[in-house]
Structure formats: C-alpha cells, structure tokens
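Listed below are the residues making up each chain.
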Amino acid sequence: LKEAFKRSKNRLNVCKSMIMHHQRKQALLHESAEFLHGATMSFSVKVTYLPLLDRQVQSLIRPFLQGTDVVHDARKVVVDGAMYAVGLAVILASDDDELSFGEITNIFMIHGSPLLCCSSLAIAGYDPHYHAYFVHNEEEVCICKPNELYDHHALGIYTIDDEKAVVLKYHVPVKCDD
C-alpha cells in the first residue's frame, strides 16, 4: 500500500488512483491482438513418473510421450484465456441434443501443451430451476486437448441435495436434427 501511495499523484484518494491505474492496464491488455492467443500458463506443476499413474491413464497418455516416462502434472492451466483446473467439468461432445460431460482429474503438460485427463460423467437428469445437469461418475477415462472440446468454458461442479450438478452459466448451443 505504501508503494501505491508513493506512485500515486492523487494523495487525497489513493484507492481511486489504484483503481484507475488497474483499469488502464487491463484495457491495454485486452486491446492487444494477442490477448486470447497468449502463451499457455500452468500453475502448481509437479513431476510424476508414468508407472505411478493408473494403468488406464498410462495407456491413454503413452502415445503423446516420446520415449520418456516423466510427466508434468499441473493443478490449473490457462489456455487462450480459458482456465481449466482439476475438479472442474468440461463439455466433451454433443450427441443428438445430449451433452456429454467430463470431470478434469489431471492436467498433464507434455512438450509445453496441456492434455486434460477427464473421467466421464453420466447425466442422471436436468433441473430447469437450477439450469443444471445432475451427474454421477463413470469408470471411463479420456484424454483430450483443450482445443478439441465441444466448448472451451470449464464449468463448476456443485452439490445440490447430495447429488453432483453441473450448472450451465451460459447458453450452450446444441445441434438438433429436425
């Protein structure tokens, strides 16, 4: 706070000066042509050896590795302005007016690009009041890249009446064959 006060020209209202400075920096950042195509940022990365992972995950991830058994496991990653984290849900595909969801269990960084390891979520029902799909875990695991997802937004998984629910915070376009 002392540093902000020293840099401020407005000594009467330092908070307003900080807000204006922050808004100016954000406007310049968002105006940049490369804002959505910036570098991939990963957070809380740890090194994991392939033999320590589940056999199903090993078989899915082995084609992406090139002769190494070392995998970088991240808890959170930002790709093209979208944030993905362990425990969030993603829309994997849309089949005949039905969405298929996956819960991110691991994020692997291989050669600088992220791979999302998702466990499938089966839809148990839809509640229009919450605008949420009630889901439960399945045994199936899949690996996908963020640019292969049906929609690039990650969704939160909430508990409603002791059931897992994926709440749609925005309109997801679903193709219908009429």
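Residues numbered from 1 in each chain as written. Predicted model: local features only at pLDDT ≥ 70, side-chain atom pairs only at ≥ 80, totals over all residues. Heavy atoms only, no water.

Quick look at the overall build of the protein now. Check the secondary structure of the protein and you find 3 helices and 11 strands. Mapped in sequence order, the helices and strands of the protein form the string α-α-β-β-α-β-β-β-β-β-β-β-β-β. Classification of the 178 residues of the protein by burial places 36% in the buried group. Counting only contacts in the protein whose residues sit at least 6 apart along the sequence, the fraction spanning at least 24 positions is 55%. Just so you have it, the protein exposes about 11,800 Å², and 53% of that area is on carbon and sulfur atoms. (Helix = DSSP H or I, 4+ residues; strand = E, 2+ residues; numbered from the N terminus. Buried < 20%, exposed > 50% of the residue type's maximum accessible area, 1.4 Å probe, protein only. Contact = heavy atoms within 4.5 Å. Areas by Shrake-Rupley, 256 points an atom, 1.4 Å probe, with all protein chains shown as cover.)

A contiguous patch of negative charge on the surface is contributed by D95, D96, D97 and E98. Topologically, D97 is positioned in the loop between β6 (89-95) and β7 (98-110). The partly exposed category is assigned to D97, whose relative accessible area is 46%. (Patch = residues over 30% accessible without salt bridge, like charges linked within 9 Å, V, L, I, M, F, W, Y side chains within 5 Å. Salt bridge = Lys/Arg side-chain N within 4 Å of Asp/Glu carboxyl O. Lys, Arg positive; Asp, Glu negative; His and termini not counted. Charge placed at Lys NZ, Arg CZ, Asp CG, Glu CD.)

Moving on, we get to a nonpolar patch on the surface. Together, V47, Y49, L52 and V70 give the surface a local cluster of nonpolar side chains, amounting to about 400 Å² of exposed area. Within the secondary structure layout, Y49 lies in strand β2 (residues 46-49).

So, on to the packing of aromatic side chains. Applying the stated criterion across every chain yields a total of 2 aromatic pairs. Their ring planes at 55° and their centres at 5.3 Å tell us that F101 and Y133 sit as a pair that is tilted. Here Y133 lies in strand β9 (residues 132-144) and F101 lies in strand β7, a separation of 32 residues in the sequence. The two residues F101 and Y133 agree in class, both being buried. Ring centres 4.8 Å apart and planes at 55° place the aromatic pair Y126 and Y133 in the tilted group. By relative accessible area, which is 39% here, Y126 ends up partly exposed. Relative accessible area serves as the criterion here: at 15%, Y133 is assigned to the buried category. Grouping aromatic residues by their ring pairs yields a cluster made of F101, Y126 and Y133. (Phe/Tyr/Trp six-rings, centres within 6.5 Å; stacked < 30°, edge-to-face > 60°.)

Geometric descriptors of this kind do not, in isolation, establish any biological role.
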